[in-house]
Amino acid sequence: MSDLLRDLDFFHLDDLLNDEERMARDTAKRFVDREILPLIESNFASETFPMHLVPQMAELGMFGANLKGYGCAGMNNVAYGLIMQELEAGDSGLRSFASVQSALSMYAIYANGSEEQKQRYLPEMAKGKLIGCFGLTEPDHGSDPGGMETRARRDGDGWILNGTKRWITNGSIADVAIVWAKVEEGITGFLVEKGTPGFSTRDIHGKFSMRASITSELILEDVRIPKTAHLEKARGLKGPLGCLTQARYGIAWGAIGAARSCFHCALDYTKSRKQFSRPLAGYQLVQAKLVKMLTEITKAQMVCLRLAHLKDSGKMRPEHVSFAKRNNVNEALKIARDARDMLGANGIVNEYPVIRHMLNLETVNTYEGTFDVHTLILGRDITGESAFE
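Residues numbered from 1 in each chain as written. Predicted model: local features only at pLDDT ≥ 70, side-chain atom pairs only at ≥ 80, totals over all residues. Heavy atoms only, no water.

(A) Inspection of the packing of aromatic side chains at higher detail. Enumeration over the complete set of coordinates arrives at eight aromatic pairs. Among the aromatic side chains, those forming a connected cluster through ring pairs are Phe 49, Phe 63 and Phe 97. Against the face of Tyr 110 rests Lys 118, its NZ or CZ located 5.8 Å from the ring centre. Here the guanidinium or amino end of Lys 311 rests over the ring plane of Tyr 249, the centre of that ring lying 5.4 Å away. (Phe/Tyr/Trp six-rings, centres within 6.5 Å; stacked < 30°, edge-to-face > 60°. Lys NZ or Arg CZ within 6 Å of the ring centre and 35° of its normal.)

Shown next as structure tokens:
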């Protein structure tokens, strides 16, 4: 097998990376190979996240990697994307943890917080000493965040919050929750710290997907927070949606990592397993599936690399991110399903990573905007007509 195929760089895209970008990718890959892969199946089985690895991730600059100042690494968006790719090659739950910490929680403060709030939270979050979560989705409001029922009302010089958030990654392990709520003027954000009276969390169990990720419900019952906990610059849906754009960017890259892991597993398996007169890889139907996988992974790599360059140059639009998230995750899910099929009965056991990636990608294809929602976002961009209402 050629080195290009082993590294899954069929079109020599590595030639377009600079030394810092390659270093970020290779460092993340070594971390995943050494620390994540030996234990992730156990975490998946036990519905636990490897919290003991958070300090190492922080030391490697993975939290807020593409943010500047406040102790963040200040990498460009190619390097940040490559890190997300390698983390998800380990497990979607690992990339989700980093995405929520970085693109949702830290970015919400970075983009909407006061200087005092940035100084208070961002350096400690970059060090992994403070964990964040992002409370937007509610039990009855997922794809339509504007319908949220969580409310905040002024109370003296502070605020009182009431409501419930659901499907919140990192919820019960977070030190600070970015909670979005409706006020008289519209939607805005608040910083709710763990231990605040009236604020509680409850983990969601029984998941068949993202099991190595903590998913929780946030309950706010007359939670009083000071004025200094209000993200005053966050006004309207633009606040949370801006954070989602950042997270979706990382997801588009991450899906490549999961797809790549499934491809390599299917390729190795079909080359070594013999049926009838030769290895499975010698049959036309198997080769057709492998070629399709390689093609879609290569196309996804090209989309993400161009997307990163647009982001770094300030030309990226949310619709570009919708295109990448919609395509890359959907194709990664198809690749995982095909790989599972190619492994036959072995495709459903944890001796191989395929079934875990496939189950995880079912969630990744849903959260941060479903395939259909991103279809309508692109349809609106093409036609100028909104089909949401």
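(B) Highlighting empty space enclosed by the protein. Applying the stated rule across the entire model yields one cavity of 30 Å³ or more. Approximately 50 Å³ is the volume attributed to the largest cavity. Sorting the residues of the lining of the largest cavity by element identifies α8 (238–272), α9 (284–312) and α10 (318–342) as the ones contributing at least two each. The element that contributes the greatest number of residues to the lining of the largest cavity is α10, accounting for four residues. Residue composition of the lining of the largest cavity, by class: seven nonpolar, one polar and two charged. (1 Å grid on protein atoms, 1.4 Å probe; cavity = no way out; pocket = protein on both sides within 12 Å on 5 of 7 lines; lining within 4 Å. Points joined across faces, edges and corners; volume = space filled by probe spheres on them. Helix = DSSP H or I, 4+ residues; strand = E, 2+ residues; numbered from the N terminus. Nonpolar A, V, L, I, M, F, W, Y, C, P; charged D, E, K, R; others polar.)

(C) Here's a closer look at unusual backbone geometry. The residue Met 210 is not glycine, and still its phi comes out positive at about 50 degrees. Looking at the element boundaries, Met 210 is found in the loop between β6 (199–203) and β7 (215–226). Given a relative accessible area of 4%, Met 210 falls into the buried group. At Phe 276, a position not held by glycine, the phi torsion is positive, near 60 degrees. Relative to the helices and strands, Phe 276 is located in the loop between β9 (274–275) and β10 (278–279). (Buried < 20%, exposed > 50% of the residue type's maximum accessible area, 1.4 Å probe, protein only.)

(D) Expanded view of the packing of α8 against helix α11 (residues 354–364). One can describe the packing of α8 onto α11 by two numbers: an axis separation of 10 Å at closest approach and a directional angle of 155 degrees. Taken together, α8 and α11 sit at an angle that is classed as roughly antiparallel. Of the two elements, α8 crosses α11, and the hand of that crossing is left-handed. Of α11, the residues touching α8 (which contributes Ile 251, Ala 258, Ser 261, Cys 262 and Cys 265) are Val 354, His 357, Leu 361 and Val 364. A per-class count over the contact of α8 with α11 returns seven nonpolar, two polar and no charged. (Axes fitted to C-alpha atoms, helices over the stretch in contact; angles between N-to-C directions. Parallel < 35°, antiparallel > 145°, perpendicular 65-115°, else oblique. Left-handed = near helix turned anticlockwise from the far one by under 90°. Contact = heavy atoms within 4.5 Å.)

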